[in-house]
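Fold and geometry: a report
Each chain, written out:
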Amino acid sequence: MTQQKQYPHFTDLEPVMHVEGVVRLPGSKSISNRTLLLAALAEGATTIHDLLASDDTLVMLGALRSLGIRWEQIDERTHIVHGQGGTLPVHEADLFMGNAGTAIRPLTAALAVIGGDYTLHGVSRMHERPIGDLVDALNAVGAQIEYTGVEGFPPLRIRRGHIHAQQRMSVRGDVSSQFLTALLMSAPLMAKEHPVVIDVEGELISKPYIEITLNLMRRFGVTVEQDGWQSFTVQPGQRYASPGSIHVEGDASSASYFLAAGAIAGGPVRVEGVGRDSIQGDVRFADALEMMGATITRGDNWIESTSNGVLTAIDADFNHIPDAAMTLAVAALYAEGTTTLRNIASWRVKETDRLSAMATELRKLGATVEEGPDYISVTPPAEIQPASIDTYDDHRMAMCFSLATLDGKARRGNRMRIMDPKCVAKTFPDYFEAFAGIARNELF
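All values reported here derive from a predicted model rather than from experimental measurement.

1. Overview of the UniProt feature "binding site: 3-phosphoshikimate" (unreviewed entry) in the protein
- The residues that UniProt annotates with the feature "binding site: 3-phosphoshikimate" (unreviewed entry) are Lys29, Ser30, Arg34, Ser176, Ser177, Gln178, Ser206, Asp323 and Lys350.
- The topology assignment puts Arg34 in helix α1 (residues 29-41).
- According to the relative accessible area criterion, Arg34 is buried, its value standing at 4%.
- Sequence-distant contacts of Arg34, that is, excluding residues within four places in its chain, are made with Thr181, Met185, Tyr209, Ile212, Thr213 and Leu216.
- Note that Gln178 resides in helix α5 (residues 177-190).
- Ignoring anything within four residues of it in the chain, the contact list for Gln178 reads Gly101, Thr102 and Arg105.

This is the structure in structure tokens:
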């Protein structure tokens, strides 16, 4: 294993000559928080297996408890949530949502429809992440949501509104797919006598995340009718019902770091918890590695990557997998030519402005970077320079730049100091231990 020095505010990573091994992925954040809310809204108790243990899921679990939803943790990865059939026992609560977009946005919609007196707030960055399109869509059909800070952003005050008996809602699709997910998940609570129709304005980004939402809603007994990606209809009379038990897939976004490592520095590296039948769109990250020349093998519940020589630069649209695409920006350091990731404007409204942050940190390594409003182009340096990487309280920045320590076919990695490494707790608290577990100091 490579040597790793731990300090309170940074982690020093030494160069890694070769990677090989198997990584058991933590549960998907997107699936975990959707499943928790659906289980709370369903009739009956739901046993959730392999729930992600992270900051974002703790935020959702804490919010549900504050709202009167009973849940028990059976062991490290198993929880039982006692659903309340579309109601909430507590009608007045102050909810701290951290920086968890997968928690605050669906909860905002559910609380607005169910009704009560709630405040939702988070860390300072959460108060810079837009929520106005979701609020506008809900208020247009009778919800009563107010901003207590800057208009269009949290914190929010939600009071009991009067949702119209027959709803046709409209929401922009080009800022965050989480707005549509929030409306879809709350739609059955509104569709008591009449259908609820949700129209999408403009292009819908991150479509695979909507597919996750629709799949999980079906698991809880609600079917959504689609007119392509422009309109979604929930017919009346459908109620969420517990499936009894449900397993959370491994996190496909987290898989990207290890699959990229195998593609860069030898391999094979196998990730377990996702496979060819995954409901997560981010498994398509492996397709991008194949385009760059890596060898990818897929099983029912695993994916494996192996280096097949020097990686080749690509120019492609990554609107469908914006989170996992971040990993490619660092993998581009090991490719011949200039790699361009397009249609990723959503990076700017994530945990940080990821386009700006990625460009800034890649330049520290010697890369030539062009940053546009919705794209980034990366030309690798002749030699990767050692650097101190600022992570902007963004878990994906910390994990991505661990890859710059790898020795690839085209160029050698270097020492990296990762500042604020604990930010990975948002989705993968044990990331650096897992990364060290595949690192080898000698070539095979």
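2. Some points on helix α7 (residues 252-264)
- Under the 1.5 Å per step criterion, the end-to-end length of α7 is 18 Å for 13 residues, consistent within 8% with the ideal 18 Å.
- The element α7 is largely enclosed, with a buried count of 13 among its 13 residues.
- Between the side-chain oxygen at the start of α7 and the backbone nitrogen of Ser253 there is a gap of 3.3 Å, and the oxygen is on Asp251.
- Trailing α7 by a residue or two, Gly266 shows a phi angle of about 105 degrees, which is positive.

3. Thoughts on the sheet that holds strand β15 (residues 245-247)
- Read across the sheet, 4 strands follow the order β5-β6-β4-β15 without closing on themselves; strand pairing throughout is mixed. Of all strands in the sheet, those with a lone pairing partner are β5 (70-75) and β15, marking the two edges. Averaged over all adjacent pairs, the angle separating strand axes in this sheet is 20 degrees, with direction ignored.
- Strand direction decides the pairing type here: strand β4 (residues 43-49) and β15, joined by 3 bridges, are parallel. Note that in β15 the partner of Thr47 across the bridge is Ser245.

4. What to know about the packing of aromatic side chains
- By the definition in use, this model includes 7 aromatic pairs.
- With 6.0 Å between their ring centres and 55 degrees between their planes, Phe258 and Phe428 make a pair best called tilted. Of the two residues, Phe258 sits in helix α7 while Phe428 sits in the loop between β26 (416-419) and α12 (431-438), which places them 170 residues apart along the sequence. Both residues of the pair, Phe258 and Phe428, belong to the buried class.
- Ring pairs connect the aromatic residues Tyr257, Phe258, Phe428, Tyr431, Phe432 and Phe435, which therefore count as one cluster.
- When the ring centre of Phe10 is taken as origin, the NZ or CZ atom of Arg417, which lies over that ring, is 3.7 Å away.

Rules used in this analysis
- Residues numbered from 1 in each chain as written.
- Predicted model: local features only at pLDDT ≥ 70, side-chain atom pairs only at ≥ 80, totals over all residues.
- Heavy atoms only, no water.
- UniProt positions renumbered as here; feature names shortened; annotations may be inferred.
- Helix = DSSP H or I, 4+ residues; strand = E, 2+ residues; numbered from the N terminus.
- Buried < 20%, exposed > 50% of the residue type's maximum accessible area, 1.4 Å probe, protein only.
- Contact = heavy atoms within 4.5 Å.
- Expected span 1.5 Å × (residues − 1).
- Polar contact = N/O pair within 3.5 Å; in protein donor to acceptor, adjacent residues only side chain to side chain.
- Pairing = 2+ DSSP bridges.
- Axes fitted to C-alpha atoms, helices over the stretch in contact; angles between N-to-C directions.
- Phe/Tyr/Trp six-rings, centres within 6.5 Å; stacked < 30°, edge-to-face > 60°.
- Lys NZ or Arg CZ within 6 Å of the ring centre and 35° of its normal.

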